[in-house]
Amino acid sequence: MKDSTENLEIEFQHKIDQGYNIEPKDWMPEKYRKTHIRQISQHAHSEIVGMLPEGNWITRAPTLRRKVALLAKVQDEAGHGLYLYSATETLGISRDELIEQLHAGKAKYSSIFNYPTLTWADIGAIGWLVDGAAIINQVMLTRTSYGPYARAMVRICKEESFHQRQGYEIMLTLCNGTEVQKQMAQDALSRWWWPSLMMFGPTDAESTHTELSMKWKIKRKSNDELRQQFIDNTVPQAGILGITIPDKDLKWNEKTGHYDFGEIDWEEFWNVVKGNGPCNKQRLDARRSAYEKGAWVREAASQYAEKQRNKEFTEAN
Ligand SMILES: [Fe+2]
Ligand SMILES: [Fe+2]
C-alpha cells in the first residue's frame, strides 16, 4: 500500500489533469505552494514596480486626455498588485513579508522595469510592447491551475488590453505626426524591442522551471512559444506604424508560418536580472521611500478599521 502523501499527490495530480482548480484549502505539495508564492509575488512586485517608469510621465503628459489615460493605467497596475498580493496571501505568507523581501532586494520582479523612460514615446512603446507581452503571458494564466491566481488574471487581462491600446494609439499618433515625432517613436521601439522579447524569460533549453510548471499547469505554453506568439502579433503592427523593428534577421518564414528572428543578447538579460540594469537601484530606492512615506496612511487606516470594529461591537451589544 502506498503511504498517504503519495496518495494525496496522485489525487492532486489527477485533479489538475482533469482540469479542476486547486483552491487555498486543498492539499498541495509543498513545492507547488512554494513555486506559486515565488511566481505570484514576483508578478505582484512587477505590477507595482512597473508603476514607476510610467508614473514618472504623468506630470509631463502632452494633453489632458493623455494624462487621464496614463493616470488610469498606472492606477490599474496598483490594483493588479493588490489582487496578486492577496492571491499570494492565500498560500500562507503575509503581505508584509513579501514587501519586505522586495525592499531587501531578495525578490525578483520583471527586469523590463529597470530600463529608463526617456521620452513621451516610451509611454507609447511600453503600453504597446510591454503590456502587449504581458497580455500574452496573462491570457495563458487565466487557465492556470491555482484558483485565486487564475481568477485574478481574468480581471487583470481586461484592463491590460486597454493598456495595450492606449500605448499603440500614442505610437500611431506620433507616427502620423511630424518627422521628429516619428523619429521619437522609432527610437522608443528600437530601445524597447529586445527587452520586451526578454520578458518571456530564458529559452526553453535554459529555463529551469518549465517542465514541472507544465505538469502542474502553472504554465500552459513554454517561454519560446509565447515569445514567438508575441513576435507574430507585433511585427504587422509595426508595419502599420511604418517604423522598423531593430532586428536584421527578422523575416517571415513560409514553411513554419512564423517570423524568424535574431539572437537575443542573454548576457544583457542576466546582467539586468542580477541587479545591474540602468535603473535597478533607482527603482528599489523609490519603492522603499514610498513605503516609508506611506507609513502614516497605513497607521491611520488600521486605526480607523479598529474604531469601526469597536463601534460595530458596541452597537451589536
Ligand atoms: Fe498590470
Ligand atoms: Fe498593464
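Rules of the game
Residues numbered from 1 in each chain as written. Chains lettered and ligands numbered in written order. Predicted model: local features only at pLDDT ≥ 70, side-chain atom pairs only at ≥ 80, totals over all residues. Heavy atoms only, no water. Donors = N, O, S within 2.8 Å, 3.2 Å for Na, K, Ca; no water. Tetrahedral: all angles 85-135°; square planar, octahedral: opposite > 155°, others 65-115°. 1 Å grid on protein atoms, 1.4 Å probe; cavity = no way out; pocket = protein on both sides within 12 Å on 5 of 7 lines; lining within 4 Å. Points joined across faces, edges and corners; volume = space filled by probe spheres on them. Nonpolar A, V, L, I, M, F, W, Y, C, P; charged D, E, K, R; others polar. Axes fitted to C-alpha atoms, helices over the stretch in contact; angles between N-to-C directions. Helix = DSSP H or I, 4+ residues; strand = E, 2+ residues; numbered from the N terminus. Parallel < 35°, antiparallel > 145°, perpendicular 65-115°, else oblique. Contact = heavy atoms within 4.5 Å. Buried < 20%, exposed > 50% of the residue type's maximum accessible area, 1.4 Å probe, protein only.

- In the nomenclature of an unreviewed UniProt entry, the chain is known as 1,2-phenylacetyl-CoA epoxidase subunit A of Agaribacillus aureus.

1. So, the coordination of the iron ion (ligand 1)
Reasoning step 1: Around the iron ion (ligand 1), the protein supplies E47 (OE), E77 (OE), H80 (ND1) and E160 (OE) as donor atoms, at distances of 2.1 to 2.2 Å.
Reasoning step 2: Coordination geometry of the iron ion (ligand 1): the four donor atoms subtend angles of 82 to 152 degrees at the metal centre, consistent with an arrangement described as irregular.
Reasoning step 3: Of note, the iron ion (ligand 1) draws all its donor residues from one chain, in the sequence arrangement E-x29-E-x2-H-x79-E.

2. Some remarks on the layout of surface pockets
Reasoning step 1: Of the voids in this model, the second largest pocket is the one considered here, and its volume is about 230 Å³.
Reasoning step 2: Along the walls of the second largest pocket sit I48, M51, A78, L82, Y85, R95, D96, I99, R287, Y291 and R298, which together make up its complete lining.
Reasoning step 3: Each residue belonging to the lining of the second largest pocket can be placed in one class, and the counts come to seven nonpolar, no polar and four charged.

3. Digging into the packing of helix α8 (residues 179-198) against helix α10 (residues 223-241)
In a pair of packed helices, the angle between the axes and the distance between the axes together describe the arrangement.
Reasoning step 1: Two numbers describe how α8 lies on α10: the axes approach to 12 Å, and their chain directions differ by 175 degrees. Compared by their axis directions, α8 and α10 come out roughly antiparallel. Touching K182, W193, S196, L197 and M198 of α8 are R227, F230, I231, T234 and L241, all from α10.

4. Considerations on the coordination of the iron ion (ligand 2)
Reasoning step 1: Bound to the iron ion (ligand 2) on the protein side are E77 (OE), D131 (OD), E160 (OE) and H163 (ND1), at distances that span 2.0 to 2.2 Å.
Reasoning step 2: The site at the iron ion (ligand 2) holds four donor atoms, and with the angles between them running 89 to 163 degrees, its shape is irregular.
Reasoning step 3: Mapped onto the polypeptide sequence, the residues donating to the iron ion (ligand 2) form the spacing pattern E-x53-D-x28-E-x2-H.
Reasoning step 4: In this structure, the iron ion (ligand 2) lies 3.4 Å away from the iron ion (ligand 1), the two metals sharing E77 as a donor. Placement of E77 in helix α4 (residues 64-89) and of E160 in helix α7 (residues 147-175) is noted, with a sequence separation of 83 residues between them. Both residues of the pair, E77 and E160, count as buried.

5. Re the environment of A185
Reasoning step 1: By the element assignment, A185 lies in helix α8.
Reasoning step 2: As a C-alpha pair, A185 and A121 span 64 residues in sequence and 5.3 Å in three-dimensional space.
Reasoning step 3: Discounting chain neighbours no more than four positions away, the residues touching A185 are A121, M171, L174, C175 and I243.

6. A short note on the packing of α7 against α8
Reasoning step 1: Contact pair α7 / α8: the axes reach a minimum separation of 7 Å and the direction vectors enclose 140 degrees. The angle between the axes of α7 and α8 places the two elements in the oblique class. Across the interface between the two elements, M171, L174 and C175 of α7 pack against Q181, K182 and A185 of α8.
Reasoning step 2: Its residues assigned to classes, the contact of α7 with α8 comprises four nonpolar, one polar and one charged.

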